[in-house]
Amino acid sequence: MHSGIRRRFYMGVCIGQMVIEKIIFKNIISVSIRQAVADDLNALQEVENLSYEHPWTRNMLRSSLDNPKSFNFVAVNQTDQRIAGFILNLLLMDELHILNIAVLPSYRRYGIGTRLLEASMETSIRKGAAKAYLEVRRSNIQALTLYIKHGFRVTGVRREYYSDNKEDALLMTRWLEPKKFI
Ligand SMILES: CC(C)(COP(=O)(O)OP(=O)(O)OC[C@H]1O[C@@H](n2cnc3c(N)ncnc32)[C@H](O)[C@@H]1OP(=O)(O)O)[C@@H](O)C(=O)NCCC(=O)NCCS
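In this text the structure is predicted, and so the values were computed from the model without any measurement.

**Thoughts on unusual backbone geometry**
Here is step 1: If you check the backbone angles, Gln81 has positive phi at about 65 degrees while not being a glycine.
Here is step 2: On the secondary structure map, Gln81 appears in the loop between β2 (70-77) and β3 (83-92).
Here is step 3: Phi at Met93 takes a positive value of approximately 55 degrees, unusual for a residue other than glycine.
Here is step 4: Taking the relative accessible area as the measure of exposure, Met93 reaches 78% and is therefore exposed.

Below is the structure:
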């Protein structure tokens, strides 16, 4: 009985520390979202290389930044101006196509991916979008969880979509609701 009480107390301390650490970190990291510009290319490549086994090439990133139908955001750490993440989007008619989203590994789980996603959906609604869609690797649990949390649902499968390892892509879609963002 005695050891039981001690164990409960010990667990309580541990859980308390975990919660406090997370709250403190969320307060320390101050990130702002702004539109991506051509000069961000190097930073985007850095985030890309650290985020994927098969990263986009510099040309792929550049053409996304240059495409007039694209609109793209970066998340900037206000303390040192480092780009911590980005999202690249395409607006085709009334459809938002999310092409790429990535956050530096050391900045993950602080809500940056969420803010990039929300900024994109909000902007696309203002531009007339009614629907958002994206493709994600079947094995990418972190991204799948993020998208499901934000209202995306699997609406199709593109077989062997990724040429590097022939992995399937899940097509995920959600309707955009203006009232939620405006
Ligand atoms: C996917 C990615 C952009 C998420 O960025 P992030 O800033 O960590 O996301 P957030 O902090 O906003 O997470 C929001 C929610 O997504 C889910 N999520 C994010 N990462 C997760 C993980 N590793 N495991 C499980 N769920 C996860 C959680 O529900 C999380 O909410 P919570 O932290 O309150 O539990 C980031 O993990 C990443 O850059 N991955 C590599 C690139 C990639 O795979 N991009 C997607 C291509 S389709």
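**Section: the pattern of salt bridges**
Here is step 1: Scanning all chains against the criterion turns up nine salt bridges.
Here is step 2: Here the residues in one salt-bridge network are Arg137, Asp164 and Glu167, joined through shared partners.

**Points about the nonpolar core**
Here is step 1: With 43 residues, the main nonpolar core has Phe86, Leu96, Ile112, Leu116, Val136, Tyr147 and Phe152 as its most contacted residues.
Here is step 2: Discounting chain neighbours no more than four positions away, the residues touching Leu96 are Phe71, Asn89, Leu90, Leu91, Ser120, Met121, Ser124, Ala129, Lys131, Ala132 and Tyr133.

**A few points about helix α4 (residues 112-126)**
Here is step 1: With 15 residues, α4 should reach 21 Å at 1.5 Å per residue; the first-to-last C-alpha distance of 21 Å fits that figure.
Here is step 2: Taken from the residues just after α4, Gly128 is the one with a positive phi, measuring 105 degrees.

**Let's talk about the site of the ligand**
Here is step 1: Neighbouring the ligand are 21 residues, the closest being Ile101, Val103, Gly113, Thr114 and Asn140.
Here is step 2: At a separation of 3.0 Å, a nitrogen atom of the ligand approaches a polar side-chain atom of Tyr52.
Here is step 3: Bound to the protein, the ligand loses 82% of the 920 Å² it would expose on its own.
Here is step 4: Put simply, the parts of the chain that give the shell around the ligand at least two residues each are β4 (95-103), α4, β5 (131-137) and α5 (141-149).

**As for the confidence of the model for the protein**
Here is step 1: Scored by pLDDT, the protein comes out at a mean of 86, with 82% of its residues at no less than 70.
Here is step 2: In this model, residues 1-27 is a region of pLDDT below 50 whose contacts with residues beyond four sequence positions or in other chains number four contacts.

**Points about the pairing of β3**
Successive side chains on a regular strand alternate, one facing one side of the sheet and the next facing the other.
Here is step 1: Of all the ten residues making up β3, nine are buried; the element is thus mostly covered by neighbouring parts of the structure.
Here is step 2: Two strands pair when backbone bridges link them, and β2 and β3 are joined in this way by seven bridges, in the antiparallel orientation. Opposite Val76, over in β3, you have Ile83 as the bridge partner.
Here is step 3: From the end of β2 to the start of β3, which pair antiparallel, there are five residues, and Gln81 there has a positive phi angle of about 65 degrees.
Here is step 4: The pairing of β3 with β4 spans eight bridges and is antiparallel. Its bridge partner lying in β4, Ile87 is registered against Ile101.
Here is step 5: Hairpin connection, β3 to β4: the antiparallel pair is bridged by two residues, and Met93 has positive phi, about 55 degrees.

**Side note on the side chain of Glu48**
Here is step 1: As for its position among the elements, Glu48 is in helix α2 (residues 41-51).
Here is step 2: Setting aside residues no more than four positions away along its own chain, Glu48 makes contact with Pro55, Trp56, Leu61, Phe86 and Asn100.

**So, the sheet that holds β4**
Where strands meet in a sheet, backbone hydrogen bonds hold them as pairs that are either parallel or antiparallel.
Here is step 1: Taken in spatial order, the seven strands make up an open sheet running β1-β2-β3-β4-β5-β7-β6, and their pairing is mixed. Looking at which strands have only one partner, the edges of the open sheet turn out to be β1 (31-35) and β6 (153-162). Adjacent strand axes in the sheet meet at a mean angle of 25 degrees, parallel and antiparallel pairs treated alike.
Here is step 2: Its contacts with the sheet place α4 against β1, β2, β3, β4 and β7 (167-175), and it is angled at close to 145 degrees to β2.
Here is step 3: Across the sheet, α5 lies against β4, β5, β6 and β7, angled at about 160 degrees from β5, the strand it touches most.

**Structural notes on α2**
Here is step 1: Listed as buried for α2 are Leu41, Ala43, Leu44, Gln45, Val47 and Glu48.
Here is step 2: Where α2 is buried, its residues contact α3 (58-66), β2, β3 and β4.

What counts, and where the lines are drawn
Residue positions are counted from 1 within each chain, in the order its sequence is given. Two thresholds apply to this predicted model, a pLDDT of at least 70 for residue-level local features and 80 or more for giving and counting side-chain atom pairs, whereas whole-chain, interface and lining totals are computed over all residues. Where side-chain values are given, they derive from all heavy atoms of the structure, hydrogens and water being excluded. In DSSP terms, a helix is any run of H or I states spanning at least four residues, a strand is any run of E spanning at least two, and both are numbered starting from the N terminus. Each residue's exposure class comes from its accessible area (1.4 Å probe, protein chains only) as a fraction of the maximum for that residue type: buried when under 20%, exposed when over 50%, partly exposed otherwise. Salt bridge, as used here: a side-chain nitrogen of Lys or Arg that lies within 4 Å of a carboxyl oxygen of Asp or Glu. Nine residue types can take part in a nonpolar core, namely buried Ala, Val, Leu, Ile, Met, Phe, Trp, Tyr and Cys, and a core is a set of them joined through side-chain atoms within 4.5 Å. Contact between two residues is taken to exist if any of their heavy atoms lie within 4.5 Å; hydrogens are not considered. Each residue after the first adds 1.5 Å to the expected span of a helix. A molecule or strand has a residue near it when one of that residue's heavy atoms lies within 4 Å. By the criterion applied in these results, polar contacts are pairs of N or O atoms within 3.5 Å in which, for protein atoms, one can donate a hydrogen and the other can accept it, and in which residues neighboring in sequence qualify only through two side-chain atoms. Areas reported as accessible are Shrake-Rupley estimates using a 1.4 Å probe. Residue values count occlusion only from the protein chains shown. pLDDT runs from 0 to 100 and stands for how confident the predictor is about each residue. Two strands pair if DSSP finds at least two bridges between them. A fitted line through C-alpha atoms represents every axis, and for helices the fit uses only the stretch in contact; the resulting angles, taken between N-to-C directions, go from 0 to 180 degrees.

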